[in-house]
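Now for the letters of each chain:
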Amino acid sequence: HYYAGLAYQFLERYSEAFGEFDAAIELAGSDPHSAQLAEAWVAKARAAAEYGGDPSGLYREFWVRYPDHPRAAEALWRAAVARERENDWAGAAEFYTLVRERYPADSRASEAAFREGLAAYARNDAATARTLWESALPDVTDSEKPRRLLWLGLAARAAGDADAAANYWQQASEA
């Protein structure tokens with residue numbers, strides 16, 4: 001069913017593709033940690049995006065049904081990126097927050113924390129962006145620190161705190 005869904009997707013016969021992906025999901029559903037289950041959900045979400053829909057709802061549904069699946073954090077991440085691409089910064093922030101809070105050990109958690117702040121900054125909420133970035137700063141790698149400090153400076157400047165901005169930029173330069 002999975003491969004039939006991919007074939008229908010390639011042929012742009014999305015209705016049939018969705019039906020096949022649903023069949024693959026149903027068959028794999030007896031094992032909630034199945035790799036095939038995740039692949040079918042991801043393929044269905046990609047087909048929805050190609051069809052002109054919003055894949056974030058499908059990624060969210062996968063996460064809601066299977067929060068302990070090894071790819072649950074990835075599903076939230078993909079949902080966040082989909083919302084970000086649509087300039088839905090509030091929606092993206094919601095998903096990035098879930099990645100950061102629910103899966104702190106995931107390799108994407110640190111970047112999710114950064115993008116959560118970026119979403120606030122994009123919504124002209126420099127104070128929230130600054131708070132998020134400051135709270136995450138002790139946990140970032142040395143290679144990531146200059147980027148975070150640069151953005152902290154931008155948030156401080158946007159909030160009208162020129163001295164703090166200059167301080168962050170100096171730290172970024174030194175890092």
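Structural notes, computed from the coordinates. (Residues numbered from 1 in each chain as written. Predicted model: local features only at pLDDT ≥ 70, side-chain atom pairs only at ≥ 80, totals over all residues. Heavy atoms only, no water.)

**Topic: the packing of helix α2 (residues 14-28) against helix α3 (residues 35-50)**
At step 1: At a minimum axis separation of 9 Å, α2 and α3 run at an interaxial angle of 160°. By the angle between their directions, the pair α2 and α3 is classed as roughly antiparallel. Pair α2 / α3 crosses with left-handed handedness. Side by side, α2 and α3 meet where Tyr14, Phe18, Phe21, Asp22, Ala24, Ile25 and Ala28 of the first sit next to Gln36, Leu37, Ala40, Trp41, Ala43, Lys44, Ala47, Ala48 and Glu50 of the second.
At step 2: The class makeup of the residues in the contact of α2 with α3 is 12 nonpolar, 1 polar and 3 charged. (Axes fitted to C-alpha atoms, helices over the stretch in contact; angles between N-to-C directions. Helix = DSSP H or I, 4+ residues; strand = E, 2+ residues; numbered from the N terminus. Parallel < 35°, antiparallel > 145°, perpendicular 65-115°, else oblique. Left-handed = near helix turned anticlockwise from the far one by under 90°. Contact = heavy atoms within 4.5 Å. Nonpolar A, V, L, I, M, F, W, Y, C, P; charged D, E, K, R; others polar.)

**Remarks on the packing of aromatic side chains**
At step 1: Taken as a whole and judged by the stated rule, the model has 13 aromatic pairs.
At step 2: On the basis of an interplanar angle of 20° and a centroid distance of 5.5 Å, the ring pair of Phe114 and Trp133 is categorised as stacked. Of this pair, Phe114 sits in helix α7 (residues 109-122) while Trp133 sits in helix α8 (residues 126-136), and the two are 19 residues apart along the sequence.
At step 3: With a relative accessible area of 1%, Trp133 lands in the buried category.
At step 4: A network of ring pairs unites the aromatic residues Phe114, Tyr121, Trp133 and Trp151 as a single cluster.
At step 5: Seen from the ring of Trp41, Lys44 lies directly overhead, with NZ or CZ sitting 5.8 Å from the centre.
At step 6: Over the ring of Phe114 we find Arg147, and its NZ or CZ is 3.9 Å from the ring centre. (Phe/Tyr/Trp six-rings, centres within 6.5 Å; stacked < 30°, edge-to-face > 60°. Buried < 20%, exposed > 50% of the residue type's maximum accessible area, 1.4 Å probe, protein only. Lys NZ or Arg CZ within 6 Å of the ring centre and 35° of its normal.)

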